[in-house]
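A closer look at the structure
Spelled out from the first residue to the last, the chains are:
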Amino acid sequence: LARFHKERIKRKIIWKVIYNDDKLGKKRGSETTKWKYSQVRYMKKTSPTTTYYYGNKVAIVLWLKERLMAIIIEDDTIANSFKEFFNILWKNAYN
């Protein structure tokens, strides 16, 4: 993750993250805001799933106690759909 942030900061890429508004989400949000070009918002707890989109890829991550599960989809249409959905969530999330 540190390598990702180093490259992202070098390229001045903004990283927007929506965390659950709970103890763990607040902790992660506090850590995330330490990175340059990072923006954090919160929503009521809704899911243990994390979704990342970047370029034409979407990564769906399920955080389980015993293991981490992830699916990566590489498709322009799906990635654009997730980007639009994220932007709707971002507008409804709060600081």
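Please read these numbers as outputs of a predicted model, since none were measured by experiment. Each residue is numbered by its place in its chain's sequence as written, counting from 1. Note on the predicted model: pLDDT of at least 70 is required for a residue's local features to be given, and 80 or more for side-chain atom pairs to be given and counted; whole-chain, interface and lining totals, by contrast, use all residues. As a rule here, side-chain values come from all non-hydrogen atoms in the structure, and water together with hydrogens is ignored.

1. Side note on the sheet that holds strand β5 (residues 68-74)
Consider a sheet: its strands pair through backbone hydrogen bonds, and that pairing is either parallel or antiparallel. Two strands qualify as a pair provided DSSP detects at least 2 bridges between them. Secondary structure elements are defined from DSSP: runs of H or I of at least 4 residues count as helices, runs of E of at least 2 residues count as strands, and each element is numbered from the N terminus. Strands sit in the order β3-β4-β5 across an open sheet of three strands; the sheet is antiparallel. Every other strand in the sheet has two partners, leaving β3 (49-54) and β5 as the edge strands with one partner each. Within the sheet, the average angular offset between the axes of one strand and its neighbour, ignoring direction, is 15 degrees. By the bridge criterion, six bridges tie β3 to strand β4 (residues 57-63) in an arrangement that is antiparallel. Looking at β4, one finds that Tyr 53 is bridged to Val 58. A fitted line through C-alpha atoms represents every axis, and for helices the fit uses only the stretch in contact; the resulting angles, taken between N-to-C directions, go from 0 to 180 degrees.

2. Some points on the side chain of Ser 38
Mapped onto the fold, Ser 38 is located in strand β2 (residues 38-43). Pairs of N or O atoms within 3.5 Å make up the polar contacts considered here, provided that, within protein, one atom can donate a hydrogen while the other can accept it, and that residues adjacent in sequence are counted only when both atoms are side-chain atoms. A distance of 3.1 Å separates a polar atom in the side chain of Ser 38 from a polar atom in the side chain of Arg 8.

3. Some thoughts on the pattern of salt bridges
Within this document, salt bridges are pairs made up of a side-chain nitrogen of Lys or Arg and a carboxyl oxygen of Asp or Glu, the two lying within 4 Å of each other. Applying the stated criterion to the full structure yields three salt bridges. One salt bridge connects Lys 26 with Asp 21, and the closest N-O pair in it is separated by 3.6 Å. To sort residues, take the accessible area from a 1.4 Å probe on protein chains only and compare it with the maximum for the residue type: under 20% means buried, over 50% means exposed, and anything in between is partly exposed. By relative accessible area, which is 28% here, Asp 21 ends up partly exposed.

4. Points about a nonpolar patch on the surface
Residues qualify for a patch when their relative accessible area is over 30% and they have no salt bridge, like charges being joined within 9 Å and the nonpolar side chains of Val, Leu, Ile, Met, Phe, Trp and Tyr within 5 Å. All accessibility values rest on the Shrake-Rupley procedure with a 1.4 Å probe; residue burial counts only the protein chains present in the view. There is a patch of nonpolar side chains on the surface, built from Tyr 52, Tyr 54, Trp 63, Leu 68 and Ile 72 and spanning about 520 Å² of accessible area. For the nonpolar patch, the elements supplying multiple residues, two or more each, are β3 and β5. As for its position among the elements, Tyr 52 is in strand β3.

5. Some details on the environment of Asn 56
Along the chain, Asn 56 falls in the loop between β3 and β4. We classify Asn 56 as partly exposed; its relative accessible area is 25%. For Asn 56 and Glu 7, which are 49 residues apart along the polypeptide, the C-alpha to C-alpha distance reads 19 Å. The contact definition used throughout considers only heavy atoms, calling two residues in contact when any of these lie within 4.5 Å. Excluding residues that lie within four positions of it along the chain, Asn 56 makes contacts with Ile 73, Glu 74, Asp 75, Asp 76 and Ala 79.

6. Topic: unusual backbone geometry
You will see that Lys 12, though not glycine, has its phi angle at about 60 degrees, which is positive. Residue classification places Lys 12 among the exposed positions, given a relative accessible area of 59%. We note that Tyr 37 has phi near 60 degrees; this positive angle belongs to a residue other than glycine. Residue Tyr 37 is classed as partly exposed on the basis of its relative accessible area, which comes to 29%.

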